Amino acid sequence: MEEICHVAQEAQDEPDPRLKIIERPVEDGDDEEKNGGGGGGEGGEEKNSGRGDTVDEVDCEDDMDEEDSEEDMTGWDEDGNPYLPFIPPWRRPIRERICPTGQYYSMEEAEKIVDSACERNDELLSEWCELANNNTVPLPAMPLRVLPIVTTYCVSGHDCYHVRHWTGDTSETAPDHPYFVPSEMMQVFSLGLSSPLARPINIYGWFSVRDGWEPLRNYLFNRSRDDPAMISHGCSFLPLRSPCRGIFVSQFFLMDINLMIKEEGSPDKQLFSGYVEIDTSWAGFGSILMARFQGECHGLDMIFALLGDSIETVIEAKAEAKQPLDVRISASTSGFDEEISLYDGKFCGSGSMFKHIVAVKKQEELCVVLKMDDYTYKWTFKAGVGVVLAPEHPVSGFTEYFVMNVSFRTRGKAASAWQWSCICNDVCVSKLCL
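All of these numbers come straight from a predicted model, not from anything done at the bench. (Residues numbered from 1 in each chain as written. Predicted model: local features only at pLDDT ≥ 70, side-chain atom pairs only at ≥ 80, totals over all residues. Heavy atoms only, no water.)

### Things to note about the overall build of the protein chain
Working step 1: Helix and strand counts for the protein chain come out as 7 helices and 17 strands.
Working step 2: Taken across its 434 residues, the protein chain has 52% of its residues classed as buried.
Working step 3: Carbon and sulfur atoms provide 47% of the accessible area of the protein chain, an area that totals close to 20200 Å². (Helix = DSSP H or I, 4+ residues; strand = E, 2+ residues; numbered from the N terminus. Buried < 20%, exposed > 50% of the residue type's maximum accessible area, 1.4 Å probe, protein only. Areas by Shrake-Rupley, 256 points an atom, 1.4 Å probe, with all protein chains shown as cover.)

### Here's the deal with the packing of aromatic side chains
Working step 1: Under the counting rule described, the total for this entry stands at 13 aromatic pairs.
Working step 2: Ring centres 5.7 Å apart and planes at 65° place the aromatic pair Tyr-161 and Tyr-275 in the edge-to-face group. Here Tyr-161, found in helix H6 (residues 161–164), pairs with Tyr-275, found in strand S8 (residues 269–279); they are 114 residues apart in sequence, far enough to count as distant.
Working step 3: You can call Tyr-275 buried: its relative accessible area is 18%.
Working step 4: The interplanar angle of 55° and the centroid separation of 5.0 Å between the aromatic rings of Phe-398 and Phe-402 together place this pair among those described as tilted. (Phe/Tyr/Trp six-rings, centres within 6.5 Å; stacked < 30°, edge-to-face > 60°.)

### A word on a negative patch on the surface
Working step 1: Taken together, Glu-119, Glu-123, Glu-127 and Glu-130 make up a surface patch of like negative charges.
Working step 2: Topologically, Glu-130 is positioned in helix H4 (residues 107–133). (Patch = residues over 30% accessible without salt bridge, like charges linked within 9 Å, V, L, I, M, F, W, Y side chains within 5 Å. Salt bridge = Lys/Arg side-chain N within 4 Å of Asp/Glu carboxyl O. Lys, Arg positive; Asp, Glu negative; His and termini not counted. Charge placed at Lys NZ, Arg CZ, Asp CG, Glu CD.)

### Here we look at the confidence of the model for the protein chain
Working step 1: The predicted model of the protein chain has a mean per-residue pLDDT of 82, with 78% of residues at 70 or higher.
Working step 2: Below pLDDT 50 for its whole length, residues 54–73 participates in 56 contacts with residues either more than four positions away or in separate chains. (pLDDT = per-residue confidence, 0-100. Contact = heavy atoms within 4.5 Å.)

### Regarding H4
Working step 1: The end-to-end C-alpha separation of H4 is 38 Å, in line with the 39 Å expected for 27 residues at 1.5 Å each.
Working step 2: Of the surrounding elements, those touching the buried residues of H4 are helix H5 (152–156) and strand S9 (288–294).
Working step 3: Of the residues flanking the end of H4, it is Asn-135, one or two places downstream, whose phi is positive at about 55°. (Expected span 1.5 Å × (residues − 1).)

### Re a nonpolar patch on the surface
Working step 1: On the surface, Val-385, Val-388 and Leu-389 cluster together to form a nonpolar patch covering roughly 250 Å² of accessible area.
Working step 2: Position of Val-388 relative to the elements: it lies in strand S14 (residues 386–389).

This is how it looks when you write it as structure tokens:
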């Protein structure tokens, strides 16, 4: 029972006109204006030429020493580890100097592929603009620009997006890393089909992000053909998994996607496949955003937010239930109403229900809600403060124990780690030091 009682191990500018804002921006006075991703990148003409790449602490002072002030945590420490989670390309380990794709194409072939991709992107944008001009309600999310599979930079040996984002390396990013000072992060709330389903479908493949810390795949969805996700009639959302670590974004980050629809008796269909590079200087920090990845048969709508000054936060629940229980647990954070699904299904037995990593602005609260039958339980946590709100009574159905651990993590240690536990009807709130 000791391990049950212990916390889990350490485990802006104007919004982009291409991204539909579906929620209010943060109020004046928040930090995004100074942390919102910086100004536009240089070389805009080159990026939009159509021939090259298209680029479309916490306040817990008790836990942080005085020398750990934010001013002291910029750059690199004595061991060569970054205090901030952004490694410039010249400091990253060498993966590839030559584009792994460009060597298979001639310059003429690359130009044709770029032209075709531009025509497709422009066609989708024109269709969206027509809907907007006709005051269509609700207005769908604007489609993102999909990068061509090869560019002229790939063939000529220039710094193409394949080299910048290590696309030749399909490894998953490491879950362990130095904990950073509050930084710019991405939080994905949901990913769903944009059009109604005529029948249930099975989806497999991956949906991942290559970010500014280590541009290897950080999966939000990853299913094999033998274990697809069934999307039932009337439901459009994919069951997303927790990223293996927080998503730390610099000015540009890459969405790496390949999703298929499994068919029986006929060839599988491509749902969406490609790379999308997002420029945070145009995307709008501090607001809920909706973007569309448009495939041939369906579009994928992603609801997400880019958050400045945020902390990687781990939520974990452990429990024991002798009878199967229908449980739904979700979280909301950073002042947004959008929910992050943590657990939705039947639970029986004992052990960890889930472990999920989210981004929380350092001044904001993290709310966790459990719904089961006619019961609703709520917890509220805040970095440097602890448990702001929690149930005073045991969670019904969990006879032996139910434990909720939340750890706000920065620079090499937990900024604050808190636990709400109910063991044999004994409710307890405690702070945990790692």
